[in-house]
Protein chains: 2
Amino acid sequence: MSRNNAGLSTERIVTEALHIIDGLGLGKLTMRRLGDALQVEAMAIYHHFPLGKEQLFDAIVEFITDADRIRAEAAAADADAEPDGTEPDEPAPDNRPWDQRLRSWAADYRTALLRHSGALTLIINRRPDTEPALRALELHCAAFEEAGLRGAAVLDAAAALDSYVTGAVIHQVRATSIATPDAPRPDGRFPHVVALRAAQSPDAVDHDARFGAGLDALLAGVTAAPGHR
Amino acid sequence: MSRNNAGLSTERIVTEALHIIDGLGLGKLTMRRLGDALQVEAMAIYHHFPLGKEQLFDAIVEFITDADRIRAEAAAADADAEPDGTEPDEPAPDNRPWDQRLRSWAADYRTALLRHSGALTLIINRRPDTEPALRALELHCAAFEEAGLRGAAVLDAAAALDSYVTGAVIHQVRATSIATPDAPRPDGRFPHVVALRAAQSPDAVDHDARFGAGLDALLAGVTAAPGHR
DNA sequence: ACCTGAACACCGTTCAAGT
DNA sequence: ACCTGAACACCGTTCAAGT
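What counts and how
- Residues numbered from 1 in each chain as written.
- Chains lettered and ligands numbered in written order.
- Predicted model: local features only at pLDDT ≥ 70, side-chain atom pairs only at ≥ 80, totals over all residues.
- Heavy atoms only, no water.
- Near = heavy atom within 4 Å.
- Polar contact = N/O pair within 3.5 Å; in protein donor to acceptor, adjacent residues only side chain to side chain.
- Helix = DSSP H or I, 4+ residues; strand = E, 2+ residues; numbered from the N terminus.
- UniProt positions renumbered as here; feature names shortened; annotations may be inferred.
- Contact = heavy atoms within 4.5 Å.
- Buried area = accessible area lost by both parts, 1.4 Å probe.
- Salt bridge = Lys/Arg side-chain N within 4 Å of Asp/Glu carboxyl O.
- Buried < 20%, exposed > 50% of the residue type's maximum accessible area, 1.4 Å probe, protein only.
- Domains from an automatic or database assignment.
- Nonpolar A, V, L, I, M, F, W, Y, C, P; charged D, E, K, R; others polar.

*Asks:* Explain the protein's contact with DNA strand D to me, using residue names and the numbers behind them.
*Replies:* Near DNA strand D there are 23 residues, and of these Glu41 of chain A together with Thr30, Arg32, Met43 and Lys53 of chain B occur at the shortest range. Backbone atoms, meaning sugar and phosphate, form 60% of the atoms of DNA strand D found within 4 Å of the protein. In the model, a phosphate oxygen of DNA strand D is placed 2.9 Å from a nitrogen or oxygen of the histidine 48 of chain A side chain. At 2.7 Å from a phosphate oxygen of DNA strand D is found a side-chain nitrogen or oxygen belonging to lysine 53 of chain B. Listed by contribution, the elements that provide at least two residues to the surface near DNA strand D are helix H3 (45-48) of chain A together with helix H2 (31-37) of chain B.

This is the structure in structure tokens:
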């Protein structure tokens, strides 16, 4: 066998990089380690990502936030009793009401971010004009117009929705991260926190329900407001 | 002069590190570069942060999100016509209604994050049980109880508020980051986006107004909901 | 206690070379 | 076109040593 043509591809590289991030953390993602995992010299990666690690990071973010791929994977898992060789059809238009479309998008996006929480710091630098981002924005704008918003209020609502979902994932990842041993336990200076945590331990929080409650509140709030600001 | 006792302190180190982050970006914050800026060997930093760079990162995050220091600085700038040597008094209790307290907190926190947007990736890993974090949570819980919420709904509302503010800063930093030259311009596949951007260019967005609108919507939504979920 | 200086085990990336 | 291998300029961190 030849040492060339090791069958490298951008998708294989991104998948393996994500595997390292999920397993060892973002800090352990090294070009050399990634090369080892791919059974290739580290420098071979630069042929597929000439701009280096930053470009690889961008590709990872696009991969994680590619809603179409996520939906296709879910559909393939559902329809495994239909093993014909046909390509997946053009995705059927979603005819449900605006709020159900937004709730589905939010749930899917949140799931994708949580599944790869080790890459969250990369998501922060996500380019707003990438194709998956524009596709999500288009979905949001169409939904909020159907809800009755117009003009700047539509874009404001879309921004608020994206902000909430991103922030909620960060909040949850923080809350479920391993506690530092020397952390100050809430004492008399924080009476409300103490009382509320006595009723509900931080470890017992239902993050899915909390996320849904906040999302409902946000959607109700942005669509109840007058159409202009 | 001796080569020892260079006057290093954790505060000086953190301040200088933040200066490098603001000026050159987080990626350029190096122990060696930080040492140069402090006129000291890089290894001297380890005497004040024995756990290394991660510990320094935590200190930077605490510094940025220390609401008390921010408020004290603002107060000192206001009261510069009162140059007596007295220490700043115990902060007066804020007797305004719950929503004004939350709006002030949100504005201050957002300002602090935006001022050091290069450190945003560090903020993601912010420990939820640090003292500034608990202080903010206490403020949130007291306000939402005053608004009529009870039990889990109070903590849910506090989580939603923190999520929104954090996410909104990330959204804004993304939106105002330099555009990639090869970014796909919105075309016929994104009709709503195209139409809305024709009316309001992305560069013309009033991010302060947008933030306020979303915050108002969120506060209205979480307090309009029934007290339990 | 506080800082120095050399050393170690890594990094990302460039570049010429191989097939 | 696709990959290798050596090399360069860095990193974070350890450790013994200085004062």
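*Asks:* Give me the UniProt feature "domain: Tetracycline repressor TetR C-terminal" (unreviewed entry) in chain A: which residues, what numbers.
*Replies:* In the numbering used here, UniProt assigns the "domain: Tetracycline repressor TetR C-terminal" (unreviewed entry) feature to residues 91-224 of chain A. Annotation note: span residues 91-224 of chain A, helix share 67%, strand share 0%, distance between end C-alpha atoms 31 Å.

*Asks:* Hey, could you go over the protein's contact with DNA strand C for me, with residue numbers and the actual values?
*Replies:* In the region of DNA strand C, 23 residues are neighbours, and Thr30, Arg32, Met43 and Lys53 of chain A together with Glu41 of chain B sit closest. Sugar and phosphate atoms form 60% of the subset of DNA strand C atoms that lie within 4 Å of the protein. Methionine 31 of chain A places a main-chain nitrogen or oxygen 3.0 Å from a phosphate oxygen of DNA strand C. A distance of 2.7 Å is found between a phosphate oxygen of DNA strand C and a backbone nitrogen or oxygen belonging to glutamate 41 of chain B.

*Asks:* Hey, could you go over the interface of chain A and chain B for me, with residue numbers and the actual values?
*Replies:* In this assembly, 58 residues from chain A lie in contact with 59 residues from chain B. Contact between chain A and chain B buries roughly 5,300 Å² in total, counting both sides, with carbon and sulfur atoms accounting for 64%. Counting every contact that joins chain A to chain B gives eight salt bridges. Notably, a salt bridge pairs aspartate 129 of chain A with arginine 197 of chain B, separated by 3.6 Å at the nearest N-O pair. Put simply, chain A and chain B have 18 residue pairs in polar contact (both at pLDDT 80 or more) between them.

*Asks:* Report on the environment of proline 97 of chain A, specifying residues and quantitative values.
*Replies:* Residue and element names in this part refer to chain A. As for its position among the elements, proline 97 is in the loop between helix H5 (67-78) and helix H6 (98-115). On the basis of relative accessibility, which here comes to 37%, the residue proline 97 falls in the partly exposed class. For proline 97 and glutamate 146, which are 49 residues apart along the polypeptide, the C-alpha to C-alpha distance reads 8.3 Å.

*Asks:* Which residues make up the domain arrangement of chain A, and what values do they have?
*Replies:* All names here are of chain A. Structurally, chain A comprises domain 1 (1-64) and domain 2 (66-229). On the domain 2 side, the residues contacting the ten residues of domain 1 number 15 residues. Summed over both partners, the interface of domain 1 with domain 2 buries about 1,100 Å², with 65% contributed by carbon and sulfur atoms. Area buried by domain 1 at its contact with domain 2 is led by Val61, Glu62 and Ile64, which between them contribute 50% of it. Put simply, domain 1 and domain 2 have zero salt bridges between them. Summed over the shared surface of domain 1 and domain 2, the number is five residue pairs in polar contact (both at pLDDT 80 or more). Taken together, the elements giving at least two residues each to the side of domain 1 that touches domain 2 come down to helix H1 (10-24) and helix H4 (53-64). At six residues, the largest contribution of residues to the side of domain 1 that touches domain 2 is made by H4. Considering only residue class, the side of domain 1 that touches domain 2 consists of eight nonpolar, no polar and two charged.

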